[in-house]
Amino acid sequence: MTNQVDHSAPALPPGLLWRALHAVRRGLRELAARLWSSLWQVVIVAVIMAALVALGDLSVGLALIAFASFVASVALLPRQDVDPLLEAELRPSPVSGRSRSAMHVMAEALPDPVILLNRTGQVLSCNAPARGLFASLREGSHISSVIRTPEFLDAVSAAPKSRRSVTVIYAERVPVGRRMEVTVAPLTRGSERDGNILVLLRDLTEGERINQMRADFIANASHELRTPLSSLRGFIETLQGTAKEDPGARERFLPIMAEQASRMTRLIDALLSLSRVEMNAHVPPSNLVDLNDVLGHARDTLERIATDSGMTLEVERFPKAAIVRGDRDELLQVLQNLVQNALKYGNSGGHVRIEAKHIPSLGRQTRGRYAISVVDDGPGIAAEHLPRLTERFYRVDVDSSREKGGTGLGLAIVKHILNRHRGELAVASKPGKGSTFTVMLNEAHAG
Ligand SMILES: Nc1ncnc2c1ncn2[C@@H]1O[C@H](COP(=O)(O)OP(=O)(O)O)[C@@H](O)[C@H]1O
Ligand SMILES: [Mg+2]
């Protein structure tokens, strides 16, 4: 980060300059084309004016003004006549109509947005995904009304002559930021050159987001591992060097080294759990599990940890057997992660309660649900953090989490396990008022 301010005059961005030049060039070309197509009219008006001046009916000045006005009107006023090429394209011809409707049927079957243009860039047809992408896309309108990227428009104007398909990237910031790969393919048959143009769009946004997430995940995991590793290496070097003969230093360093090694083990265990759950994400669990059994097991294992950290744990049970389709070990891990968080981030000497509630079904179609809430009386979590808590490595306070042996993966594992169980996690918290993490699971079908 730098605080320097650039005081030089704002330069035109190169892209903008290029686009402006391009627009001027296109305008001049159109002007010349209009004058050329009206050349005969200009010549005739010039001859009439000259004749009137020669006959003495008109002054030279007036004649020049009238002539200049005529030329300007030819060059600048919008024309009523339709471009003959465009007219030919839009006129229904039995052959092109048939092939176009075949193309239309094919385009409708494709999952990606497809737009068929005539050689001048006018929209002949488009499929439903394309209409979904561009609300203002209409048959008969020019493609530049929806995609204005100069590279794309150049590819469209070059397509009828080039016979080559061209792919350009089209980025949009509003209404939502997205990047698309647009392929402009001229449709040629044999030696026939001036055919229609097919525009295929592929949304790159989702793929790029997943790639970014993967890269971030690897960077985060390596960073988390590197920190304890470099601390361990530092201690090893000190013990080999300056503190070689210092039993006091060895006594002090060894427990810290052991803690750094267990931090690495915890992180690797958490990464392995996460990858195991992710691998099974699409296979819903088939075993029947009684949630009372999971609650009992959780109490047995966690009560001692609570007492060790000077807190109390109270575990409720469902009044009747609470059967769900689930993986017992994974459900136990959900409760462990939530209770461990409540113990870690709750107030020292505080109280953690596990509540168990059955929510009966409302009708025949819906199933009843079981809600297990882990409630603490700790400092709570500010609202802006709540939506991000289940992201991998997301922590409200990184130092406090590390200090307490956290990896930042506990709630990500909870979320993945619940996704696999078609369950849900709800978090309610107010700073100063404690937090409640509620797990919802569907009742198993009877029989
Ligand atoms: N009961 C809680 N009270 C306050 N903050 C919590 C609680 N549970 C989770 N958090 C916050 O959510 C973050 C993510 O939790 P988690 O994914 O389990 O990672 P960690 O390994 O840090 O515990 C924690 O770092 C903490 O900031
Ligand atoms: Mg945790």
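Thresholds, definitions, all that
- Residues numbered from 1 in each chain as written.
- Chains lettered and ligands numbered in written order.
- Predicted model: local features only at pLDDT ≥ 70, side-chain atom pairs only at ≥ 80, totals over all residues.
- Helix = DSSP H or I, 4+ residues; strand = E, 2+ residues; numbered from the N terminus.
- Buried ≥ 20, exposed ≤ 12 C-beta atoms within 10 Å, placed from the backbone.
- Contact = placed C-beta atoms within 7 Å.
- Pairing = 2+ DSSP bridges.
- Axes fitted to C-alpha atoms, helices over the stretch in contact; angles between N-to-C directions.
- Core = buried A, V, L, I, M, F, W, Y, C linked by C-beta atoms within 7 Å.
- Domains from an automatic or database assignment.
- Left-handed = near helix turned anticlockwise from the far one by under 90°.
- Nonpolar A, V, L, I, M, F, W, Y, C, P; charged D, E, K, R; others polar.
- Near = placed C-beta within 6 Å.
- Expected span 1.5 Å × (residues − 1).
- pLDDT = per-residue confidence, 0-100.
- Parallel < 35°, antiparallel > 145°, perpendicular 65-115°, else oblique.

J.: How would you explain the overall build of the protein chain if you had to name every residue and give the values?
T.: A count of helical and extended segments in the protein chain gives 13 helices and 12 strands. In the protein chain, buried positions account for 19% of the 447 residues. Taking the contacts inside the protein chain whose residues are at least 6 apart along the sequence as the reference set, 60% of them involve residues at least 24 apart.

J.: Report on the pairing of strand β4 (residues 178–186), specifying residues and quantitative values.
T.: Here seven bridges tie strand β3 (residues 166–172) to β4, and the two strands are oriented antiparallel to one another. What sits directly across from Tyr 170, in β4, is Met 180. Examined bridge by bridge, β4 and strand β5 (residues 197–203) share seven bridges and lie antiparallel to one another. From the neighbouring strand, Pro 186 faces β5, where its bridge partner is Ile 197.

J.: An account of the sheet that holds strand β11 (residues 424–429) is needed here, citing residue identities and associated values.
T.: Spatially, β7-β9-β10-β12-β11 is the arrangement adopted by the five strands of the open sheet, whose pairing is mixed. Each end of this open sheet is capped by a strand with a single partner; those strands are β7 (312–315) and β11. Direction aside, the axes of adjacent strands within the sheet are offset by 15° on average. Of the strand pairs in this sheet, β7 and strand β9 (residues 351–359) are connected by four bridges, and their pairing is parallel. Looking at β9, one finds that Thr 312 is bridged to His 351. Across the sheet, helix α10 (residues 291–308) is in contact with β7, β9 and β10 (369–376); its angle to β7 comes to roughly 170°.

J.: Outline the nonpolar core, supporting the account with residue identities and numerical values.
T.: Among the nonpolar cores identified, the biggest contains 38 residues, and Leu 291, Val 334, Leu 338, Val 339, Val 352 and Ile 413 are the most heavily contacted of them. Elements that contribute at least two residues to this core include exactly α9 (247–279), α10, β7, α11 (328–345), β9, β10, α13 (410–420) and β12 (435–442). When residues of this core are assigned to their parent elements, the largest contribution, seven residues, is made by α11. Shared between two domains, this core takes at least three residues from each, and those domains are domain 3 (207–279) and domain 4 (284–447). Core analysis: the second largest hydrophobic core is formed by 19 residues, Val 114, Leu 116, Ile 143 and Val 156 among them.

J.: I'd like to hear about the environment of Val 315, residue by residue, with values.
T.: Within the secondary structure layout, Val 315 lies in strand β7. On the basis of neighbour counts, which here come to 20 C-beta atoms within 10 Å, the residue Val 315 falls in the buried class. Along the chain, Val 315 and Arg 353 lie 38 residues apart, while their C-alpha atoms are 5.9 Å from each other. In this view, Val 315 contacts Leu 295, Ala 298, Arg 299 and Ile 354; residues no more than four positions away in its chain are not counted.

J.: Could you give an account of the packing of α11 against α13, with specific residues and numbers?
T.: In contact at an axis separation of 9 Å, α11 and α13 are set at 150° when each is read in the N-to-C sense. Remark: the crossing between α11 and α13 carries left-handed chirality. Residues Glu 330, Gln 333, Val 334, Asn 337, Leu 338 and Asn 341 of α11 pack against Gly 410, Leu 411, Ile 413, Val 414, Ile 417 and Leu 418 of α13. Taken together, the residues of the contact of α11 with α13 break down into seven nonpolar, four polar and one charged.

J.: Lay out the site of ligand 1 in plain terms, naming residues and giving numbers.
T.: Of all residues adjacent to ligand 1, which total 20 residues, the nearest are Asn 341, Val 396, Ser 401, Gly 406 and Gly 410. Put simply, the parts of the chain that give the shell around ligand 1 at least two residues each are α11 and α13. Per-element tally for the shell around ligand 1: the top contributor is α11, with four residues. Its residues placed into classes, the shell around ligand 1 shows eight nonpolar, nine polar and three charged.

J.: For helix α8 (residues 205–240), give the residues involved together with the corresponding values.
T.: The first and last C-alpha atoms of α8 sit 51 Å apart over 36 residues, in line with the 52 Å expected at 1.5 Å per residue. The element α8 is largely exposed, with a buried count of two among its 36 residues.

J.: I'd like a description of the environment of Val 156, backed by residues and values.
T.: When you line up the elements, Val 156 lands in helix α7 (residues 150–162). Exposure remark for Val 156: the 24 C-beta atoms within 10 Å place this residue in the buried category. Sequence spacing of Val 156 and Thr 120 is 36 residues, and the spatial spacing of their C-alpha atoms is 7.9 Å. Every residue in contact with Val 156, bar those within four places of it in the chain, is listed here: Leu 117, Gly 121, Ile 143, Val 184 and Ile 197.

J.: Before we move on, could you go through the sheet that holds β5 and cite the residues and values that matter?
T.: Strands sit in the order β2-β1-β5-β4-β3 across an open sheet of five strands; the sheet is antiparallel. Both edges of this open sheet fall to β2 (123–126) and β3, since each of them pairs with a single strand only. On average, adjacent strands in this sheet sit at an angle of 25° to one another, irrespective of strand direction. Where α7 meets the sheet, it contacts β1 (114–117), β3, β4 and β5, and its direction lies at approximately 15° from that of β4.

J.: So, the confidence of the model for the protein chain: which residues are in play, and what are the values?
T.: Residues at a pLDDT of 70 or more form 86% of the protein chain, whose mean pLDDT is 85. Under a pLDDT of 50 for its full length, residues 1–10 has, in the predicted model, zero contacts with residues more than four places off or in other chains. Taken as a whole, residues 80–95 scores under 50 in pLDDT and shows 12 contacts with residues more than four places along the chain or in a different chain.

J.: Please give an account of the packing of α9 against α13 that cites residues and values.
T.: α13 packs onto α9 with a crossing angle of 20° between their chain directions and a minimal axis gap of 9 Å. Viewed along their axes, α9 and α13 adopt a mutual orientation that is roughly parallel. The way α9 lies across α13 gives a crossing that is left-handed. When α9 is examined against α13, the residues Ala 270, Ser 273, Leu 274, Val 277 and Glu 278 are found in contact with a partner set consisting of Ala 412, Ile 413, His 416, Ile 417 and Arg 420. The residue inventory of the contact of α9 with α13, partitioned by class, reads six nonpolar, two polar and two charged.

J.: Describe unusual backbone geometry, naming the residues involved and giving the relevant values.
T.: With phi around 70°, Phe 393 is a residue other than glycine that occupies positive phi space. Mapped onto the elements, Phe 393 comes out in the loop between β10 and α12 (398–403). Residue class for Phe 393 comes out partly exposed when judged on the 17 C-beta atoms lying within 10 Å of it.

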